[in-house]
Amino acid sequence: MVTTVRERDGVEREALLSSGAMYNESPGVVCVDKGMDAFVDRVGMNRFHYVLIGTLGLANLGDATEIISMGYIIASKTFTDEFGDNDDEKRSLTVSIFFGMLFGGLLVSVLGDNKIGRRPLLLASLLINAIAGVLAAMSPSLWMITVFRSIAGVGVGGSVPCLWTLGAELTPPARRGYLLTIIGWFWMVGSIVTSVLAILILNTMHLSWRVFSFTCAMPSVVCFILVLFYIPESPRYLLVKQRFEETAAALNWIASYDSAQQHITDEELIEHHNSMNPPLSRSALGEDTSGFGVTTAFASFYRQVKSVYGSIKYRRTLLLLQSLWFCLSFSNYGLITWIETVFKKIGVTNPFLAAFFFAAGSLPGNILSTWLIETVGRRSVMIWSMALGAALLLAFAGQVANDLTGTETPSVVLIVITAALFNGCATASWNALDVMSSETFPTSVRSTVIGLQSSSGRVGAMVAQLVNATLSSYPFRLLVVAAITMVFGVIATGKLPDMKGKQLDDVMIDGEKTSDDDERTDE
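The residue numbering used here restarts from 1 in each chain and proceeds along that chain's sequence as written. At least 70 in pLDDT is required for a residue's local features to be given in this predicted model, at least 80 for side-chain atom pairs to be given and counted, and no such filter applies to totals for whole chains, interfaces and linings, which use all residues. The basis for every side-chain value is the complete set of non-hydrogen atoms in the structure, without hydrogens or water.

A few points about the overall build of the protein
The number of helices and strands found in the protein is 23 helices and 3 strands. Only protein chains enter the area calculation, which uses a 1.4 Å probe; residues under 20% of their type maximum are buried, those over 50% are exposed, and those in between are partly exposed. Counting only residues that meet the buried cut, the protein has 57% of its 523 residues in that class. The contacts of the protein with a sequence gap of at least 6 include a subset with a gap of at least 24, amounting to 82%. Summed over its atoms, the accessible surface of the protein is roughly 20,400 Å², and 64% of this surface lies on carbon and sulfur atoms. Only DSSP runs of H or I reaching four residues or more are called helices, and only runs of E reaching two or more are called strands; each is numbered from the N terminus. In this description, contact between two residues means that some pair of their heavy atoms is separated by no more than 4.5 Å. Using the Shrake-Rupley algorithm and a 1.4 Å probe, accessible areas are obtained, with residue cover drawn only from the displayed protein chains.

Describing empty space enclosed by the protein
A cavity, in this analysis, means grid points on a 1 Å lattice covering only the protein atoms where a 1.4 Å probe fits yet has no way out; a pocket is instead an open set bounded by protein on both sides within 12 Å along at least five of seven lines, and a residue lines either one if it has an atom within 4 Å of a point. Grid points are joined across faces, edges and corners, and a volume is the space filled by probe spheres set on the points. All chains considered together, the criterion is met by 4 cavities of 30 Å³ or more. The space that makes up the largest cavity amounts to roughly 290 Å³. Lining the largest cavity are 27 residues; nearest its centre among them are W187, N332, Y333, I336 and W430. Contributing elements (two or more residues each) for the lining of the largest cavity: α3 (47-75), α7 (142-169), α8 (176-204), α15 (315-336), α16 (339-345), α17 (351-360) and α20 (412-439). Element by element, the count of residues in the lining of the largest cavity is highest for α20, at 6 residues. The class makeup of the residues in the lining of the largest cavity is 14 nonpolar, 9 polar and 4 charged. The volume enclosed by the second largest cavity comes to roughly 50 Å³. Contributing elements (two or more residues each) for the lining of the second largest cavity: α2 (37-43) and α12 (244-255). Residues are grouped as follows: Ala, Val, Leu, Ile, Met, Phe, Trp, Tyr, Cys and Pro are nonpolar; Asp, Glu, Lys and Arg are charged; every other residue, Gly included, is polar.

Some words on the packing of aromatic side chains
Here a Phe, Tyr or Trp ring, Trp counted by its six-membered ring, pairs with any other such ring whose centre lies within 6.5 Å, and the pair is stacked when the planes are under 30 degrees apart, edge-to-face when over 60, and tilted otherwise. A complete count under the given rule lists 14 aromatic pairs for this structure. Consider the rings of W325 and W430, whose centres lie 5.2 Å apart with planes at 70 degrees: the pair is edge-to-face. Here the residue W325 occupies a position in helix α15, and W430 occupies one in helix α20, the gap between them amounting to 105 residues. Residue classification places W430 among the buried positions, given a relative accessible area of 9%. Between the aromatic rings of F343 and F396, the centroid separation amounts to 6.5 Å while the plane-to-plane angle is 40 degrees, which identifies the pairing as tilted. On the criterion of sequence distance, the pair formed by F343 in helix α16 and F396 in helix α19 (residues 378-405) is long-range, its members being 53 residues apart. For F343, a relative accessible area of 0% gives the class buried. Classification of F396 as buried rests on a relative accessible area of 0%.

Topic: the confidence of the model for the protein
Put simply, the protein has an average pLDDT of 80, and 82% of its residues get 70 or more. The pLDDT value tells you how sure the predictor is about a given residue, anywhere from 0 up to 100. When pLDDT is averaged over each element of the protein, helix α10 (residues 218-230) comes out on top at 96 and strand β3 (residues 29-33) at the bottom at 33. Here residues 510-523 scores under 50 on pLDDT; set against residues more than four positions off or in separate chains, the count is 16 contacts.

A few points about the nonpolar core
In plain words, nonpolar cores are sets of buried Ala, Val, Leu, Ile, Met, Phe, Trp, Tyr and Cys residues tied together by side-chain atoms within 4.5 Å. Membership of the largest hydrophobic core comes to 124 residues, with the highest contact counts inside it found for F212, F343 and F396. If we ignore the near neighbours within four places in the chain, the residues touching F212 are S69, Y72, I73, T194, L197, A198, I201 and L202.

Observations regarding unusual backbone geometry
Working note: non-glycine residues mostly have negative phi, and peptide bonds are mostly trans. Despite not being glycine, H206 has its phi angle at roughly 55 degrees, a positive value. Mapped onto the secondary structure, H206 falls in the loop between α8 and α9 (209-216). You can call H206 exposed: its relative accessible area is 58%. Residue Q242 is not a glycine yet carries a positive backbone phi of 65 degrees.

Things to note about the environment of L372
With respect to the helices and strands, L372 occurs in helix α18 (residues 362-372). By relative accessible area, which is 23% here, L372 ends up partly exposed. With 60 residues separating them along the chain, L372 and A432 place their C-alpha atoms 9.5 Å apart. Apart from the residues lying within four places of it in its own chain, the contact partners of L372 are G377 and V381.

Let's talk about helix α22 (residues 475-493)
It helps to recall that an α-helix has 3.6 residues per turn; residues three or four apart then point in one direction. The length a helix should cover is 1.5 Å for every residue beyond the first. Compared with an ideal rise of 1.5 Å per residue, which puts 19 residues at 27 Å, α22 spans 27 Å between its outermost C-alpha atoms and is within 8% of the ideal. Turning to α22, its buried residues number three or more, namely P475, L478, L479, A482, A483, T485, M486, G489, A492 and T493. The buried residues of α22 occupy an angular sector of 170 degrees when the element is viewed end-on, so they sit on one face. Residues of α22 that are exposed and point over 90 degrees away from its buried face: F488 and I491. This arc is built from the directions going out from the helix axis to the C-beta atoms.

Description of the pattern of salt bridges
In what follows, salt bridge is the name for a side-chain nitrogen of Lys or Arg lying within 4 Å of a carboxyl oxygen of Asp or Glu. One pass over the full model with this rule turns up 9 salt bridges. A salt bridge links R210 to E82; its shortest N-O distance comes to 2.5 Å. You can see R210 sitting in helix α9 and its partner E82 sitting in helix α4 (residues 77-83), a full 128 residues away along the chain. In this structure, E374 engages R378 in a salt bridge whose closest nitrogen and oxygen atoms are separated by 3.3 Å. Since its relative accessible area comes to 1%, R378 is described here as buried.

Focus: the environment of V342
Considering the arrangement of structural elements, one finds V342 in helix α16. The spatial distance from the C-alpha of V342 to the C-alpha of P475 is 6.2 Å, given a sequence separation of 133 residues. Residues in contact with V342, not counting those within four places in the same chain, are F396, P475 and L478.

Side note on the packing of α7 against helix α21 (residues 446-471)
As a packed pair, α7 and α21 sit with axes 9 Å apart at the nearest point and diverge in direction by 135 degrees. In terms of axis orientation, α7 runs oblique to α21. Note that α7 runs across α21; the crossing there is right-handed. Along the contact surface, α7 presents V160, P161, W164, T165, A168 and E169, while α21 presents R446, S447, I450, G451, S454 and R458. Here, axes are lines fitted to C-alpha atoms. For helices the fit covers the stretch in contact, and angles between N-to-C directions go from 0 to 180 degrees. Angle categories are assigned with fixed cut-offs, so that under 35 degrees is roughly parallel, over 145 is roughly antiparallel, 65 to 115 is roughly perpendicular, and the rest are oblique. By definition, turning the near helix anticlockwise from the far helix through less than a right angle yields a left-handed crossing, and turning it clockwise yields a right-handed one.

Next comes the structure, spelled out in structure tokens:
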């Protein structure tokens, strides 16, 4: 956070520097950087951040396998032999995980910025995902599978705000966009791993879908162990909670990976805290200090949500990001879970192999977005990748139309390449959106707003499952609807700020007034 302070008589620049603050000067004005970034930069980039990216990336990979596996399961012969090939039942199954993700995202929104914290909620989410995934694989009936898939969705939905919040808060500002994009890469790895497992387990070895489902739950188990032993709580979160000893311990944990790093004391953090104007405090977070319980958590959540939506500075940004999550989830998740069915409908002889190439298409999207996010910016990557993705969906739809009308013999290779390139564009869009969602809002409400954004995405994904189940017999219409949704996303992105190279805010102190303030002023 940057606070602007006008010089007064007797206030020397040297005094500001001696307090550990950093400043930039313009005539008569000293801009004092009093955020947590000074401490994060002091710790710097070291081996811990590779452990962090690998661990949070594995969490993202586990989310991918849990979501994408459902498409392979409902298309597998062992599943249809056991439960039949009813589109309504398949729709219930595909919707179930997104329903759970909606609930999990909202739950973490309530709890993540309060007294529980990011790390414990990430651990709980991973454990829920793993246990429910295993139980779904063992379930004897369709309704039990649906229930456990919904519970697994709670874990997936809960892990998303936590992993991206931790990623944004534990990485140095200069490398933040790059490192968060690398975490996004693991979604591609997860989709490819899921495709390879489907080809081996379901298509080559002809084993039960239950073996495949059980295997896809294992990344969450491994990630739970890694987070438990190697990832600390966010020092930004601990500082705004005034837990100074724990903040120092977390920073020193990170610094311990580099023996040359200086030790950070809680006294330094207290001095930093007391120098803030206004100080970082629980009142700044809108938190009730009287205790903690369900009622207190929801009351605090309500205040935080009200403060964000009531803020002139943040309200429009949050609404635009929520609309982007909806549009991208509708088009991308809607296609991911039905791509095997679409390939089967248009006569692709090996839909599992085609789905593998579809998943591999995210590789160029990851490579390009990793480079471009820190060069041209997040917003530009988002606009161009969604626009190109919409064009590719329309090209895909054109190939499908030729196949259905018989006016031209379609090229299976061209269909698969077009679909794969779309997936690459969608991947680049997700990388840019994940970075923008993680760094646009202050630490005090970051988990809350990421939960709100991801919940909007779950609504989009659920709507897509309902729409696509209806349109699965009409692949052309399905693809056109997804393309139109991407176009709406392009329009929304143009109004968003770009945080490339900027520091993260720690508390939500709107120098700009809220709408409530305007009403009081008018009176």
